[in-house]
Amino acid sequence: MLDGDRITAVGAGDFDGPADQVVDGRGCLATPGLVNTHHHLYQWATRGLAQQSNLFDWLVELYPVWAGLDDELVYVTTSAGLGALALSGCTTAADHHYVFPRGSGDLIGTQAEAAAAIGVRLHACRGSMDLGTSQGGLPPDSVVESTDAALAATAEAIERHHDPSPSSRMRVAVAPCSPFSVTSDLMREGASLARAHGVRLHTHLAETVEEDAFCRERFGCTPVEYAEKLGWLGDDVWLAHGVHLDDGAVARLGATGTGVAHCPSSNARLGAGIARVRDLLDAGAPVGLGVDGAASQEAGELGPELRQAMLAARFRGGPAALTAREALALGTTGGARCLGRDGELGSLEPGKLADIVLWRLDGLGHAGIEDPVAALVFGPPAPVEAVLVGGQLVVRTGRLIHADEDSLARDLTRVSRTLLRKAGR
Ligand SMILES: [Zn+2]
């Protein structure tokens, strides 16, 4: 039972009390709305490129294309990407946007508008890059900001768009991009900025062997040691990937409560490796799921990542490395912990926000599997009957309520073509 944007009661069986609206969930499994902890929605415009590249080669090919993005592209890709996420059971999405061409305006505000229109909660991670190739970084100088400009714009995004309330549908995090595209100064001062405003910190870390080699050569330490020196471990930090971690790094993430956004499909697509999810969970680190991408994980749907996470863990650690319920927990409570919202999101219990997914499990794909969580995680992607965010329907019988999928697809095709032509492709 729901009242306003909250859950007031949870139970099995028929409901026979008075209600303004009843959603029939027969044949369905109800779970908490899934939480996506890492994404780059603008990359929906550059899917299917650099198909055989590792991370660094892929980035070098794509940076110049991304340099042409604008306000319209960000609105269209945010709408399309959040629409795809909602249709796959996601009710809260973190997005990491780190390309801000000069004069492109308030792109975080544009993302907030698009998220409000689709109906999904957004955690906009205001990204930044200030280490161009002329200073030994990976991105071309044309796509980086100055350190001061990046910090000022991040502070402005927090002041304009961050809503700290428990029912919040829009939060902002401080998110310098990665060790090879950001100076130590921006990392250190970004952490101070975040803590002065009481917002969370997010960055990419320990994704590939090439990044590990970069950190050892430039900073004389591992990526996690580097993060710790800069004040970037703690229970207000979550890191994307965390694939290449030694035992000491796993222990430090657990001891400090630093979260990890596990992105198994993206890691597979770029051949980055398989994260030590079992070890991170055993060490006590919060671990959530991220679709990442969309240019490094063209699917962009969160529901299938439950299965992908289960498979990836078992590739690494054998058949008992991750259970179906643990995989579901990554996508729900684990994600809520990464975003600092486990007090109001991630489980179905009275007092929590009414973010709920009804998965159809009575079709051919799942019929006869008596354990519904095993059906959801081991089986094919389950059709979504309904998605509620704060008690309001966002998806009904597998269709978005507030947007037309065909027109989203047409708009996406148009902005993608425009961007590629601008880049001479
Ligand atoms: Zn990423």
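Presented here is a report on the structure given in the accompanying data block. Here the structure is a predicted model, which means the values were calculated and not measured.

With that out of the way, let us pick up the overall build of the chain. From N to C terminus, the chain includes 14 helices and 15 strands. Taken over C-alpha atoms, the radius of gyration comes to 20 Å for the chain, in line with the 22 Å a tight globule of 425 residues would show. Its C-alpha atoms put the chain at 65 × 45 × 40 Å along the principal axes. Relative to its full complement of 425 residues, the chain shows a buried share of 58%. Contacts in the chain between residues at least 24 apart in sequence constitute 76% of all its contacts with a sequence separation of at least 6.

Let us now look at empty space enclosed by the protein. By rolling a water-sized probe across the atoms, one finds the places where empty space is left. Under the counting rule described, the total for this entry stands at 2 cavities of 30 Å³ or more. The computed volume of the largest cavity comes to approximately 130 Å³. Lining the largest cavity are 18 residues, with Leu55, Leu59, Tyr98, His204 and Glu207 sitting closest to its centre. Roughly 40 Å³ of internal volume is contained in the second largest cavity. Taken together, Pro32, Gly33, Val35, Thr91, Thr92, Leu345, Gly346, Ser347, Leu348, Leu353 and Asp355 make up the lining of the second largest cavity. Broken down by class, the residue content of the lining of the second largest cavity amounts to 5 nonpolar, 5 polar and 1 charged.

In this section: the pairing of strand 3 (residues 28-32). Along any regular strand the residues' side chains alternate between the sheet's two faces. Among the 5 residues of strand 3, 4 are classified as buried, and the element is accordingly described as predominantly covered. As paired elements, strand 3 and strand 12 (residues 356-360) share 5 bridges and run antiparallel to each other. Bridged to Cys28 within strand 12 is Arg360.

The N-to-C vectors of helix 11 (residues 303-317) and helix 12 (residues 324-338) enclose an angle of 130 degrees; their axes lie 9 Å apart at closest approach. Considering the angle they form, helix 11 stands oblique to helix 12. As for how helix 11 packs across helix 12, the hand of that crossing is right-handed. Residues Leu306, Ala309 and Met310 of helix 11 pack against Ala327, Leu328, Leu330 and Gly331 of helix 12.

By volume, the largest pocket is sized at about 1,400 Å³. Looking at the largest pocket, it is lined by 30 residues, and the ones nearest its centre are Met1, Leu2, Phe15, Val22 and Val23. Partitioned by chemical class, the residues of the lining of the largest pocket number 18 nonpolar, 7 polar and 5 charged. Lining of the second largest pocket is provided by 23 residues; of these, Phe100, Pro101, Ser104, Arg126 and Glu145 occupy positions nearest its centre.

Right, let's talk about the environment of Ala94 for a bit. Note on placement: Ala94 falls in strand 5 (residues 90-97). C-alpha of Ala94 to C-alpha of Ala227: the two residues are 133 residues apart in sequence and 21 Å apart in space. With sequence-adjacent residues up to four places away left out, Ala94 is seen in contact with Asn36, Thr37, His38, His39, His123, Cys125, Trp238 and Leu339.

In this section: helix 1 (residues 55-66). It helps to recall that an α-helix has 3.6 residues per turn; residues three or four apart then point in one direction. End to end, helix 1 covers 15 Å across 12 residues, agreeing with the expected 16 Å (1.5 Å per residue, within 8%). Those residues of helix 1 that sit buried are Leu55, Phe56, Trp58, Leu59, Leu62, Tyr63, Val65 and Trp66. Those residues of helix 1 hidden inside the fold are in contact with helix 6 (209-219), helix 9 (264-269) and helix 14 (405-422). If you check the start of helix 1, you find a side-chain oxygen 3.3 Å away from the backbone N of Phe56, and it comes from Asn54.

Here the zinc ion is held by His38 (NE2), His40 (NE2), His204 (NE2) and Asp292 (OD), and the distances to it run 2.1 to 2.6 Å. Coordination at the zinc ion is irregular, judged from the 4 donor atoms that bind it and the angles of 86 to 177 degrees they form at the metal. In the primary structure, the donors to the zinc ion are separated according to the pattern H-x1-H-x163-H-x87-D. Grouping residues by exposure puts His38 and His40 together as buried.

In this section: the packing of aromatic side chains. For the coordinates displayed, the defined rule picks out 9 aromatic pairs. Grouped by ring-pair contacts, the aromatic residues Tyr42, Trp58, Tyr63, Trp66 and Tyr98 constitute a single cluster. The ring centre of Phe100 lies 3.5 Å from the NZ or CZ of Arg126, which sits over that ring.

What counts, and where the lines are drawn
- Residues numbered from 1 in each chain as written.
- Predicted model: local features only at pLDDT ≥ 70, side-chain atom pairs only at ≥ 80, totals over all residues.
- Heavy atoms only, no water.
- Helix = DSSP H or I, 4+ residues; strand = E, 2+ residues; numbered from the N terminus.
- Rg over C-alpha atoms; globule rule 2.2 N^0.38 Å.
- Buried < 20%, exposed > 50% of the residue type's maximum accessible area, 1.4 Å probe, protein only.
- Contact = heavy atoms within 4.5 Å.
- 1 Å grid on protein atoms, 1.4 Å probe; cavity = no way out; pocket = protein on both sides within 12 Å on 5 of 7 lines; lining within 4 Å.
- Points joined across faces, edges and corners; volume = space filled by probe spheres on them.
- Nonpolar A, V, L, I, M, F, W, Y, C, P; charged D, E, K, R; others polar.
- Pairing = 2+ DSSP bridges.
- Axes fitted to C-alpha atoms, helices over the stretch in contact; angles between N-to-C directions.
- Parallel < 35°, antiparallel > 145°, perpendicular 65-115°, else oblique.
- Left-handed = near helix turned anticlockwise from the far one by under 90°.
- Expected span 1.5 Å × (residues − 1).
- Polar contact = N/O pair within 3.5 Å; in protein donor to acceptor, adjacent residues only side chain to side chain.
- Donors = N, O, S within 2.8 Å, 3.2 Å for Na, K, Ca; no water.
- Tetrahedral: all angles 85-135°; square planar, octahedral: opposite > 155°, others 65-115°.
- Phe/Tyr/Trp six-rings, centres within 6.5 Å; stacked < 30°, edge-to-face > 60°.
- Lys NZ or Arg CZ within 6 Å of the ring centre and 35° of its normal.

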